[in-house]
Amino acid sequence: MKHSELVFTAVKPPLDYLALIFAAIVAYFIRYLPFVQKIRPIIFDLPFKGFFQITLILAVVWVGILAMAGLYNIVGPKKFREEVARLFVASAAGMALVLAIMVFSRYLFDSRFIILAGWLLAFFFLTAERGFIHLIQRFTYRIGFGVHRVVIIGDGKIADELLKEFSTKPSLGYRVVERFASFDYQNAQRLKAMAVNDQIDEIIQINPNRQIDQTNELLNLITEYHLDFRYTADLLGTQLTNLEVTTLAGTPIVEVKKTRLDGWGRIYKRVFDLIFSSLLIIFFSPVMLVTVLAIKLNSPGPILFNYRRIGQNGKPFYYFKFRSMVKDAHQLRFDQEFLKHNPNMRDGSPMMKFQNDPRITKVGKFIRRFSIDELPELFLAFVGTMSLVGPRPHELEEVEKYQARHKKLLTIKPGITGLAQVSGRSDLDFEQEVKLDTYYIENWSIGLDLLIMLKTPWAIFKRRKAE
C-alpha cells in the first residue's frame, strides 16, 4: 500500500466533516436572506448557536453513514463516477436519518427548508471536495508520485489488456516496469535484482494455476522482498489469507494482502501509537530521569546505547535504549574468546542471548530486569520509526542469517512489545518467536494490540532465563 494512498484516504473523513458543516451553515444563512424571507417568511425561532451544536453532532453521524457506504475503503484507484453514486446514496441515507430525527424533534421540524437545502448542499460540497481530492491524486500519478510500479507475469489476452490499460491511463496510478511470459529461474533473478534496487512495488500474475510450483516459489520471493501480489485466478491448493478483489481492465484481480495493517489498519495503528506513546512518555518521564542519573553514576560511558537495527521492509534505522552494559560491550559478541566462555543460549539461531551476561552493569541488571532500559523506545514509537506493538527489531547480523520465511517479520514496523514478548519473552526459541509474530502480522487488530499491552506488565515482572 502506497503511503500517498493512505494520506489521501486519511484526509477524507475530516474534510467530509467540514464539508457537511459548511453545507449546513450555508443552508442556514440562505434561509435568512431577505429575498428568501419574502417568498417564505420565517415563523420560527432557530438561534444559530443551537443549530450549530446540532450540526456538529449530525455531521459525525453522517460521516459514519459515509463510512458504511464504503467511501473510506482503501481499494486502490477507482472511477470518480462510482464515488459520486455512493455519495448520493449515502447523502440520501443521511437525509433519511435527519427526517427520522425530525419526527421526534419539533425543534428541527420548523426549519424544513434548511434541512432540504442542507441535504442538497451537502451532496454538492461532498462531491466538490471528493472531486478536488480525485484531481490531486490523479495529478500526482501523472507526475509519477505514488505510482504502483508493476511487473506482469503471464501471457495472453488478459496480460495484453492490463498492459494496455496501464499504459493508456496513467491516472490509474500503475506503471508496468517489466513483463515476463513466465516465472523461471532467470526471471526470478531479475525480479530479485529489481526488488533489491527498489524498482518494483507489486507483481500481477496471470493464471497462476498453470504452474503451481512456480507460483509457490514466486510467493516465497514476494514474502522475502516485501512486495505486493495480485493474481487473476484462484490459487488452488495454496493457503492464503487477507484477500481483496478489485477490477482492472474488466478483469477481476485478487490482491494478496501481506497483513491486515494495509490501508485503514495502518492509519488506526499510527494514531494508536501516537496517543499511547505520548501518554506513556509523560507517565514514565520521572523514571527515565532517575535512570539517566543512575547510569552516569554507575559506570563511564554514554547514557544511551544506539546502533542500527533493521525495521519495516528490511530498512535499517537508528535504534537506541538506555545503556545497561559496560562501554563497547557490543563488540564482545564477536570476540571468540568471550564466546568461548559465554556460549550463545540460542545456538543455531540468528539471535544471540547469554545467560548471566558479564557485560551487564549493576544498574543495567536492574533496568533490564524491569525493561526500564527500553523506555526510550517510546520516542521511536512516537516519531513512527517503531510501533508500540510488533515484532522485535533485530540486528543486521541477525537478519543476514534469516531464511526466506523469516523475512515476513519485516513486513510491518518493529514493536516495543509484541505477541512473542508476552508469550515467553527471551525464553522462546527463535522459531517459536517467528510463529507468534507471523500470527500477529496476519491477524492484527486494535483489540489484539490492547491485549498485548495489558499483558506486557505481567510479562516484565515474570522472571526469565536471559537476564
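Located above this text is the structure these notes cover.
Read on for an overview of the structure. Once a new chain begins, its residue numbering starts again from 1 and follows that chain's sequence as written. Confidence filtering applies because this is a predicted model: local features only for residues at pLDDT of at least 70, side-chain atom pairs given and counted only at 80 or more, and all residues used for totals across whole chains, interfaces and linings. Side-chain numbers here rest on the full set of heavy atoms in the structure, without hydrogens or water.

Moving on, we get to the side chain of Glu-129. Elements are defined by DSSP. Helices are runs of H or I of four residues or more, strands are runs of E of two residues or more, and each kind is numbered from the N terminus. For Glu-129, the position within the fold is in helix 7 (residues 112-142). Contact criterion: two residues are considered in contact whenever any of their non-hydrogen atoms come within 4.5 Å of each other. Not counting residues up to four positions away in its chain, the partners in contact with Glu-129 are Lys-12, Leu-15, Asp-16 and Ala-19.

Right, let's get into the pairing of strand 2 (residues 174-180). Two strands pair when backbone bridges link them, and strand 1 (residues 148-153) and strand 2 are joined in this way by 6 bridges, in the parallel orientation. In the strand pairing of strand 2, Val-151 is matched with Glu-178. Chirality of the crossover, the property in question, places the unit of strand 1, helix 8 (residues 157-168) and strand 2 among those that are right-handed. Strands qualify as paired when DSSP identifies two bridges or more between them. A clockwise course of the path from the first strand over the helix to the second, judged with the strands pointing away from the viewer, identifies a crossover as right-handed.

Taken in spatial order, the 3 strands line up as 8-7-10 in an open sheet, and their pairing is antiparallel. Looking at which strands have only one partner, the edges of the open sheet turn out to be strand 8 (316-322) and strand 10 (394-395). In terms of strand pairing, strand 7 (residues 304-310) meets strand 10 through 2 bridges, oriented antiparallel. Bridging across to strand 10, Ile-310 finds its partner in His-394.

A packed helix pair is summarised by two numbers, namely the angle formed by the two axes and the spacing between the axes. Only the contacting stretch of a helix is used when fitting its axis, a line to C-alpha atoms as for every element, and angles between N-to-C directions run 0 to 180 degrees. At a minimum axis separation of 11 Å, helix 9 (residues 185-196) and helix 10 (residues 212-225) run at an interaxial angle of 15°. On the basis of their axis angle, the class for helix 9 and helix 10 is roughly parallel. For the element pair helix 9 and helix 10, the recorded crossing hand is right-handed. Across from Ala-188, Leu-191, Lys-192, Ala-195 and Val-196 in helix 9, the residues of helix 10 making contact are Leu-218, Leu-221 and Tyr-225. Along the lines of polarity and charge, the residues of the contact of helix 9 with helix 10 split into 7 nonpolar, no polar and 1 charged. The cut-offs work like this: below 35 degrees is roughly parallel, past 145 is roughly antiparallel, 65 to 115 is roughly perpendicular, and the gaps in between are oblique. For a crossing to be left-handed, the near helix must be turned anticlockwise from the far one by less than a right angle; the clockwise case is right-handed. Classification used: nonpolar for Ala, Val, Leu, Ile, Met, Phe, Trp, Tyr, Cys and Pro, charged for Asp, Glu, Lys and Arg, polar for all others including Gly.

Taken together, the side chains of Val-271, Leu-274, Ile-275, Phe-276, Leu-279, Phe-382, Val-383 and Leu-450 present a nonpolar region at the surface, about 660 Å² in accessible area. Counting residues per element, the ones that place at least two in the nonpolar patch are helix 11 (264-298) and helix 14 (377-383). Of the residues forming the nonpolar patch, the biggest block, 5 residues, is contributed by helix 11. You can see Phe-382 is positioned in helix 14. For every residue, the accessible area (1.4 Å probe, protein chains only) is compared with the maximum for its type, and the residue is labelled buried under 20%, exposed over 50%, or partly exposed between those bounds. Classification of Phe-382 as partly exposed rests on a relative accessible area of 36%. Patch membership requires more than 30% relative accessible area and the absence of a salt bridge. Residues of like charge join within 9 Å; the nonpolar side chains Val, Leu, Ile, Met, Phe, Trp and Tyr join within 5 Å. Only the protein chains shown count as cover for residues, and all accessible areas are computed by the Shrake-Rupley method using a 1.4 Å probe. By convention in these notes, a salt bridge is any Lys or Arg side-chain nitrogen within 4 Å of a carboxyl oxygen on Asp or Glu.

Taken as a whole, this structure holds 17 salt bridges when the rule is applied. The residue Glu-83 makes a salt bridge to Lys-12 at a minimum N-O spacing of 3.7 Å. Here Lys-12 lies in helix 2 (residues 12-31) and Glu-83 lies in helix 5 (residues 80-104), a separation of 71 residues in the sequence. The same class applies to Glu-83 and to Lys-12, which are both buried. Between Glu-442 and Lys-408 there is a salt bridge, with its nearest N and O atoms 2.5 Å apart. Taken as a pair, Glu-442 in helix 16 (residues 430-442) and Lys-408 in the loop between helix 15 (396-399) and strand 11 (415-417) lie far apart in primary sequence, 34 residues in all.

Moving on to the packing of aromatic side chains. Working definition: a ring pair exists when centres of Phe, Tyr or Trp rings (six-membered ring for Trp) sit within 6.5 Å. Plane angles under 30 degrees give stacked, over 60 give edge-to-face, the rest tilted. Under the criterion given, the structure shown has 17 aromatic pairs. With a centroid separation of 4.4 Å and 40° between ring planes, the pair formed by Phe-305 and Tyr-307 is classed as tilted. For Phe-305, a relative accessible area of 24% corresponds to the partly exposed category. Cluster of aromatic residues (ring-pair linked, three or more members): Tyr-28, Phe-29, Phe-48, Phe-51 and Phe-52. The ring centre of Phe-370 lies 5.1 Å from the NZ or CZ of Arg-369, which sits over that ring. The rule is short: NZ of Lys or CZ of Arg within 6 Å of the ring centre and within 35 degrees of the ring normal puts a charge over the ring.

The periodicity of an α-helix, 3.6 residues per turn, causes residues three or four places apart in sequence to face the same way. The complete set of buried residues in helix 13 (residues 362-369) reads Val-363, Gly-364, Ile-367, Arg-368 and Arg-369. Buried residues along helix 13 sit in contact with helix 11, strand 8 and helix 17 (446-461). Contacts described as polar in this section are N or O atom pairs within 3.5 Å, which, within protein, must combine one atom able to donate a hydrogen with one able to accept it, while residues neighboring in sequence count only if both atoms come from side chains. Sitting at the amino-terminal end of helix 13 is Thr-361, which places a side-chain oxygen 2.8 Å from the backbone nitrogen of Gly-364. Ser-371 sits one or two residues past helix 13 and shows a positive phi near 60°.

All right, on to the environment of Leu-227 then. Relative to the helices and strands, Leu-227 is located in the loop between helix 10 and strand 4 (228-231). With 24 residues separating them along the chain, Leu-227 and Ile-203 place their C-alpha atoms 7.3 Å apart.

Soluble globular proteins tend to pack their nonpolar side chains together in the buried interior. What is meant by a nonpolar core is a set of buried Ala, Val, Leu, Ile, Met, Phe, Trp, Tyr and Cys residues, joined one to another through side-chain atoms within 4.5 Å. If you look at the biggest cluster of nonpolar residues, it comprises 31 residues, and the most contacted ones within it are Leu-20, Phe-51, Trp-62, Leu-66, Ile-114 and Leu-126. Where this core is concerned, the elements lending two or more residues are helix 2, helix 4 (48-68), helix 5, helix 7 and helix 11. Setting aside residues up to four positions removed in sequence, Ile-114 forms contacts with Ala-27, Tyr-28, Arg-31, Leu-46 and Phe-51.

Before going further, it helps to spend a moment on helix 11. A residue's bend is the angle separating two fitted axes: one through the seven residues that end there, the other through the seven that start there. Of all the bends in helix 11, the greatest reaches close to 55° and is centred on Phe-284; the proline Pro-286 follows between one and four positions later. Residues of helix 11 that are buried include every one of Trp-264, Gly-265, Ile-267, Lys-269, Phe-272, Asp-273, Ser-277, Ile-281, Met-288, Thr-291 and Ile-295, and no others.

Our focus in this paragraph is the packing of helix 2 against helix 7. At a closest axis distance of 8 Å, the pairing of helix 2 and helix 7 adopts a crossing angle of 140°. Crossing of helix 2 over helix 7 shows right-handed handedness. Residues Lys-12, Leu-15, Asp-16, Ala-19, Leu-20, Phe-22, Ala-23, Val-26, Ala-27, Tyr-28, Ile-30 and Arg-31 of helix 2 form the contact with helix 7, whose own contacting residues are Phe-113, Ile-114, Ala-117, Gly-118, Leu-121, Ala-122, Phe-125, Leu-126, Glu-129, Arg-130 and Ile-133. By residue class, the composition of the contact of helix 2 with helix 7 is 17 nonpolar, 1 polar and 5 charged.

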